[in-house]
Amino acid sequence: MDPNAVDGMSFGLVAIIAGILFLFILFLTFIRRYKRCPSDQILVVYGKVGQGADGFRSAKCIHGGAAFIWPVIQDFQYLELKPISIEVKLTNALSKQNIRVDVPSSFTVGITTEPGVMSNAAERLLGLSPQQVHDLAKDIIFGQLRLVVATMDIEEINSNRDKFLANVSSNVEAELKKIGLKLINVNVTDIKDESGYIEALGKEAAAKAINDARRSVAEKNRDGSIGEANAHQDERTQVAAANAQAVEGENTAKVTIANSDAKRREAEAEANRIAIAAERVKEAKALEESYTAQKEAELIRAQRDQATQKANIIVPAEIDKEKVEIDADAQAEQTRRKAKGEADAIYMKMDAEARGLYEILSKQAEGFKQLVAAAGNSSEDAVKIMIADKLPELVKMQSEAIKNIKIDKVTVWDNGKGKDGKSSTADFISGLYGSVPPLQEMFNMAGMSLPEYLKGKSLSSSQSSEAGSDIEETPSGDDSNDNKD
């Protein structure tokens with residue numbers, strides 16, 4: 001392999017690995033720069049954070065979310081949202097009446113999450129420690145608390161604490177918003193003055209309260225005595241009226257009770273009557289239902305007996321009937337199949353015979369066709385050829401007709417007188433030979449003529465006599481020489 005190619009491949013592999021490492025480092029950097037804001041903190045992103053309505057913003061505050069911090073151009077810090085408790089021991093505060101008072105109180109403040117105020121906290125509190133934020137808020141509260149005390153009278157501060165606290169909350173919260181803080185709670189423990197004015201006001205109020213209480217007690221006692229007498233009078237009057245009403249009520253109640261008892265007894269009688277009638281009706285209905293049920297039971301029992309009788313008699317008969325029908329159908333089907341088989345066998349046999357006969361006749365026709373062609377297409381010559389071929393068989397058939405006659409067993413009864421000098425034996429032989437169809441007649445019957453070389457000459461009487469000379473001749477009057485077959 002070419003070294004330059006190997007070097008090129010190595011360089012490419014190194015470049016790929018370096019690119020992967022760079023991407024991995026870049027990915028880790030991006031992950032590390034993605035910051036999430038906890039719920040008890042404010043994420044402050046400062047640097048190049050974009051523009052606002054009034055120009056470039058110095059910081060971007062995020063609460064309850066996340067943000068990506070771009071490297072180099074951005075950075076971040078967190079602001080704590082935990083509440084800060086501030087003890088304010090205000091002394092010698094000059095009131096509106098030029099009376100110096102002490103107003104010990106406690107305030108609870110914290111960094112606000114209001115969108116418009118969070119930027120103030122990012123600008124003025126970012127980087128400060130919790131103690132520094134505490135001291136800054138305490139100074140603001142001192143000043144505003146003195147200002148509120150200076151605008152109110154001692155009596156108003158002492159008697160109307162709600163107004164005093166509302167004024168303090170309004171002034172302090174307005175100033176705390178300027179640095180990104182909010183007022184959570186205000187609690188004034190006690191208010192004192194160095195001249196004892198508030199104490200005197202308290203004593204005066206206490207004495208007035210005591211006197212008012214004594215007068216109220218006396219009035220209440222007087223009202224109680226009058227009320228007691230009126231109560232006794234009302235008691236007696238109301239008791240008498242109540243007694244009268246009670247007697248009247250008792251009488252009315254007795255009448256009502258009597259009426260109620262009468263109605264009750266009437267209702268009970270009516271109810272008893274209705275109950276007795278209902279019981280009797282129920283009993284009658286029960287008896288009727290019982291009789292109806294018994295009737296239905298008897299009907300059902302009769303139907304059951306009838307069904308039993310039918311099952312015992314009709315069902316076996318129907319079963320036998322169906323069995324006979326099934327056997328008859330089976331026998332008929334067997335007969336049909338047997339007949340069909342026989343018919344098929346006969347058909348096949350006849351079909352085979354017809355095919356064989358067809359083949360024979362076809363072959364004979366083909367042979368006749370060839371024979372006629374061999375005879376020069378002359379049907380008469382073809383027939384002659386066939387007769388000439390069958391002539392030995394025809395002659396043999398003629399001779400076979402009288403071949404098996406036992407001449408030595410023939411007995412002829414005659415008086416010895418024959419016509420033309422022929423004996424009865426000669427006549428018998430001549431007649432027997434004459435019964436065989438001659439060839440000439442056979443040809444005539446077929447519409448043909450026998451060739452001359454086959455006709456021959458007629459058999460003379462002397463030859464016929466000679467042919468039958470060997471036959472035993474017995475006179476008719478001589479019964480002693482009879483022979484039996």
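Note that the structure is predicted; figures quoted are calculated from it, not measured.

**Comments concerning the pattern of salt bridges**
Phase 1: One pass over the full model with this rule turns up 13 salt bridges.
Phase 2: In this structure, the salt-bridge partner of E156 is K163, at a minimum N-O distance of 2.4 Å.
Phase 3: In this structure, the salt-bridge partner of K178 is E175, at a minimum N-O distance of 3.3 Å.
Phase 4: By relative accessible area, K178 is classed as partly exposed at 48%.
Phase 5: Residue classification places E175 among the partly exposed residues on the basis of a relative accessible area of 25%.
Phase 6: When salt bridges that share partners are traced, they join E298, R301, R304 and D305 into one network.

**So, a nonpolar patch on the surface**
Phase 1: Together, L13, I17, L21, F24, I25, F27, L28 and I31 line one region of the surface with nonpolar side chains, adding up to about 790 Å² of accessible area.
Phase 2: Overall, the relative accessible area of 53% leaves I25 in the exposed class.

**As for the packing of helix α3 (residues 130-150) against helix α5 (residues 161-177)**
Phase 1: Relative orientation of the contacting elements α3 and α5 amounts to 140°, with a least axis distance of 9 Å. The orientation of α3 relative to α5 falls into the category oblique. Considering the relative orientation of α3 and α5, their crossing is right-handed. Of α5, the residues touching α3 (which contributes A137, I140, I141, Q144, L145, L147, V148 and V149) are F164, N167, V168, N171, V172, E175 and L176.
Phase 2: Residue classes in the contact of α3 with α5 are distributed as 11 nonpolar, 3 polar and 1 charged.

**A few points about the environment of L145**
Phase 1: On the secondary structure map, L145 appears in helix α3.
Phase 2: Counting along the chain gives 55 residues from L145 to L90, while the straight-line C-alpha distance between them is 7.9 Å.

**Quick notes on the packing of aromatic side chains**
Phase 1: Inspection of the entire model under this criterion finds 2 aromatic pairs.
Phase 2: The interplanar angle of 90° and the centroid separation of 4.8 Å between the aromatic rings of F68 and W70 together place this pair among those described as edge-to-face.
Phase 3: Ring centres 5.8 Å apart and planes at 80° place the aromatic pair F76 and Y78 in the edge-to-face group.
Phase 4: Taking the relative accessible area as the measure of exposure, Y78 reaches 30% and is therefore partly exposed.

**Observations concerning helix α2 (residues 115-124)**
Phase 1: What α2 keeps buried is the set V117, M118, A121 and A122. Buried positions in α2, seen along its axis, are confined to an arc of 155° and lie on one side of it.

**Looking at the nonpolar core**
Side chains of a nonpolar character, in soluble globular proteins, are inclined to be buried together.
Phase 1: One finds F107 and F164 to be the most contacted residues of the largest nonpolar core, which totals 41 residues.
Phase 2: Residue contacts for F107: discarding those within four places in its chain leaves I84, S85, I86, V88, I141, L145, V168, V172, L183, N185 and V186.
Phase 3: One finds C37, V45, V49 and I62 within the second-largest nonpolar core, a separate group that totals 7 residues.

**Considering the sheet that holds strand β2 (residues 41-47)**
Phase 1: Spatial strand order, β5-β2-β7: 3 strands in an open sheet with antiparallel pairing. At either end of the open sheet lies a strand with only one pairing partner, and these are β5 (59-62) and β7 (74-80). With direction set aside, neighbouring strand axes in the sheet form an average angle of 25°.
Phase 2: The sheet contacts of α2 involve β2, β5 and β7, and relative to β5 the element is tilted by about 120°.

**Some details on α5**
Phase 1: The end-to-end C-alpha distance of α5, which contains 17 residues, comes to 24 Å, matching closely the 24 Å that a straight helix rising 1.5 Å per residue would cover.
Phase 2: Those residues of α5 that are buried are in contact with β9 (100-111), α3, α4 (154-159) and β10 (181-188).

**Observations regarding a negative patch on the surface**
Phase 1: A grouping of E318, E322, E325, D327 and D329 is seen on the molecular surface, where their side chains present a negatively charged patch.
Phase 2: Looking at D327, the relative accessible area reads 43%, which means it is partly exposed.

**Regarding the side chain of Q41**
Phase 1: Of note, Q41 is situated in strand β2.
Phase 2: Classification of Q41 by relative accessible area gives buried; the value is 14%.
Phase 3: Within the structure, Q41 has its side chain in polar contact with the side chain of E80 (distance 2.9 Å).

**Some words on unusual backbone geometry**
Phase 1: The backbone of N92 sits at a positive phi, close to 55°, despite the residue not being glycine.
Phase 2: Turning to its location among the elements, N92 is positioned in strand β8 (residues 84-94).

Rules and cut-offs
Residues numbered from 1 in each chain as written. Predicted model: local features only at pLDDT ≥ 70, side-chain atom pairs only at ≥ 80, totals over all residues. Heavy atoms only, no water. Salt bridge = Lys/Arg side-chain N within 4 Å of Asp/Glu carboxyl O. Buried < 20%, exposed > 50% of the residue type's maximum accessible area, 1.4 Å probe, protein only. Patch = residues over 30% accessible without salt bridge, like charges linked within 9 Å, V, L, I, M, F, W, Y side chains within 5 Å. Areas by Shrake-Rupley, 256 points an atom, 1.4 Å probe, with all protein chains shown as cover. Axes fitted to C-alpha atoms, helices over the stretch in contact; angles between N-to-C directions. Helix = DSSP H or I, 4+ residues; strand = E, 2+ residues; numbered from the N terminus. Parallel < 35°, antiparallel > 145°, perpendicular 65-115°, else oblique. Left-handed = near helix turned anticlockwise from the far one by under 90°. Contact = heavy atoms within 4.5 Å. Nonpolar A, V, L, I, M, F, W, Y, C, P; charged D, E, K, R; others polar. Phe/Tyr/Trp six-rings, centres within 6.5 Å; stacked < 30°, edge-to-face > 60°. Arc of directions from axis to C-beta. Core = buried A, V, L, I, M, F, W, Y, C linked by side-chain atoms within 4.5 Å. Pairing = 2+ DSSP bridges. Expected span 1.5 Å × (residues − 1). Lys, Arg positive; Asp, Glu negative; His and termini not counted. Charge placed at Lys NZ, Arg CZ, Asp CG, Glu CD. Polar contact = N/O pair within 3.5 Å; in protein donor to acceptor, adjacent residues only side chain to side chain.

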